[in-house]
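Architecture and fold: a report
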Amino acid sequence: MAKLILSMDGLVLKEFTLSKERTTIGRKAHNDIQIDNLAVSGEHAVVVTILSDSFLEDLGSTNGTLVNGQTVKKHFLQNNDVIELGKYKLKFVSDGPVQTKAADFEKTMILRPGALRPQAPAPAAPGAVKPAAAPGSAQANAAATTPPPRVVPPPAAPQRAGVLQLLSGANAGRQLDLTKPLTTLGKPGVQVAVITRRPQGFFITHVEGANFPVVNGKTLDAQAHPLGDHDVIEIAGVKMEFFFKA
């Protein structure tokens, strides 16, 4: 499980396991990671953890949030990334096993056309003895030098681009291209969900609020839910349609 290691001036102060979907960071006492320093805003940033992925989002802090020396608003965290909040640092450490993506596994199961092994010859008649190739003959040399067929993965199919179109509310008709790894939807303090872009497709996950997102009239649970073409989502009273770009 991933964790954050809090330090200042090279001295480790505390470790925090990212066991919740939403881990808040800030100066106020209600935060999961409290940093009592004036350079840190009351509600400075949040780490959203979905399955094995963690995303950092700055919550409009006064002094900003840096990752590896660069100012960020939203950032997909990778092992050994260093989050900086004033003089404090939070090192992101993911010690879980490396996951093998389903797409990568499927590639190993496909052989290039023409590289398949030739069809086995018809079985010999009962009692017949197949003569061995004479040492040094062309047949024996060919058998010794012919390499086995190679398994060549096919080229990866490009991931389809996703779009959200608002169906209700003041911004009805507007579209949002889902080009980032993480897109936050909803109203903080009321209902928040995130759409993550993964190699397997787009997934929506509930993050905050008593009410869960509704997809095609069905209320979701706490698990990540895959989105299909033309799914209708309802979050914080606003309806929107998810679809793939043609």
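Here we take up the pairing of strand 16 (residues 201-208). Burial runs high along strand 16: seven of the eight residues are buried. Here seven bridges tie strand 15 (residues 191-198) to strand 16, and the two strands are oriented antiparallel to one another. Following the sheet pairing, Thr-196 is matched in strand 16 by Phe-203. In this structure, the hairpin formed by strand 15 and strand 16 is closed by a connection of two residues. Bridging between strand 16 and strand 19 (residues 225-226) involves two bridges; their strand directions are antiparallel.

If you walk across this open sheet you meet the six strands as 2-1-11-10-7-8, and the pairing is antiparallel. Whereas interior strands pair on both sides, the edge strands pair on one side only; in this sheet they are strand 2 (11-17) and strand 8 (70-72). With direction set aside, neighbouring strand axes in the sheet form an average angle of 30°. Strand direction decides the pairing type here: strand 7 (residues 65-67) and strand 8, joined by three bridges, are antiparallel. By the bridge assignment for strand 8, Thr-65 is matched with Val-72.

To continue, consider the confidence of the model for the chain. Confidence in the prediction of the chain, expressed as mean pLDDT, is 78, and 73% of residues score 70 or more. The model gives residues 97-119 a pLDDT under 50, and that stretch makes 17 contacts with residues more than four places away or in other chains.

Leu-4, Ile-25, Ile-35, Val-47, Leu-56, Ile-83 and Leu-90 are the most contacted members of the largest nonpolar core, which totals 20 residues. Of all the secondary structure elements, the ones that give two or more residues to this core are strand 1 (2-8), strand 5 (45-50), strand 10 (82-85) and strand 11 (88-94). Membership of the second largest hydrophobic core comes to 16 residues, among which are Leu-164, Leu-178, Phe-202 and Ala-236.

Applying the stated criterion across every chain yields a total of three salt bridges. We note a salt bridge from Lys-20 to Asp-32, for which the minimum N-O separation is 2.7 Å. Taken together, the positions of Lys-20 in the loop between strand 2 and strand 3 (22-26) and Asp-32 in the loop between strand 3 and strand 4 (33-34) put the pair twelve residues apart, joining distant regions of the chain. The salt bridge involving Asp-177 is made with Lys-245; its shortest N-O contact spans 3.4 Å. Here Asp-177 is found in strand 13 (residues 175-178), whereas its partner Lys-245 is found in the segment after strand 21 (238-244), with 68 residues between them in sequence. A relative accessible area of 38% places Asp-177 in the partly exposed class. Look at Lys-245 and you get partly exposed, because its relative accessible area is 44%.

What counts and what doesn't
Residues numbered from 1 in each chain as written. Predicted model: local features only at pLDDT ≥ 70, side-chain atom pairs only at ≥ 80, totals over all residues. Heavy atoms only, no water. Buried < 20%, exposed > 50% of the residue type's maximum accessible area, 1.4 Å probe, protein only. Helix = DSSP H or I, 4+ residues; strand = E, 2+ residues; numbered from the N terminus. Pairing = 2+ DSSP bridges. Axes fitted to C-alpha atoms, helices over the stretch in contact; angles between N-to-C directions. pLDDT = per-residue confidence, 0-100. Contact = heavy atoms within 4.5 Å. Core = buried A, V, L, I, M, F, W, Y, C linked by side-chain atoms within 4.5 Å. Salt bridge = Lys/Arg side-chain N within 4 Å of Asp/Glu carboxyl O.

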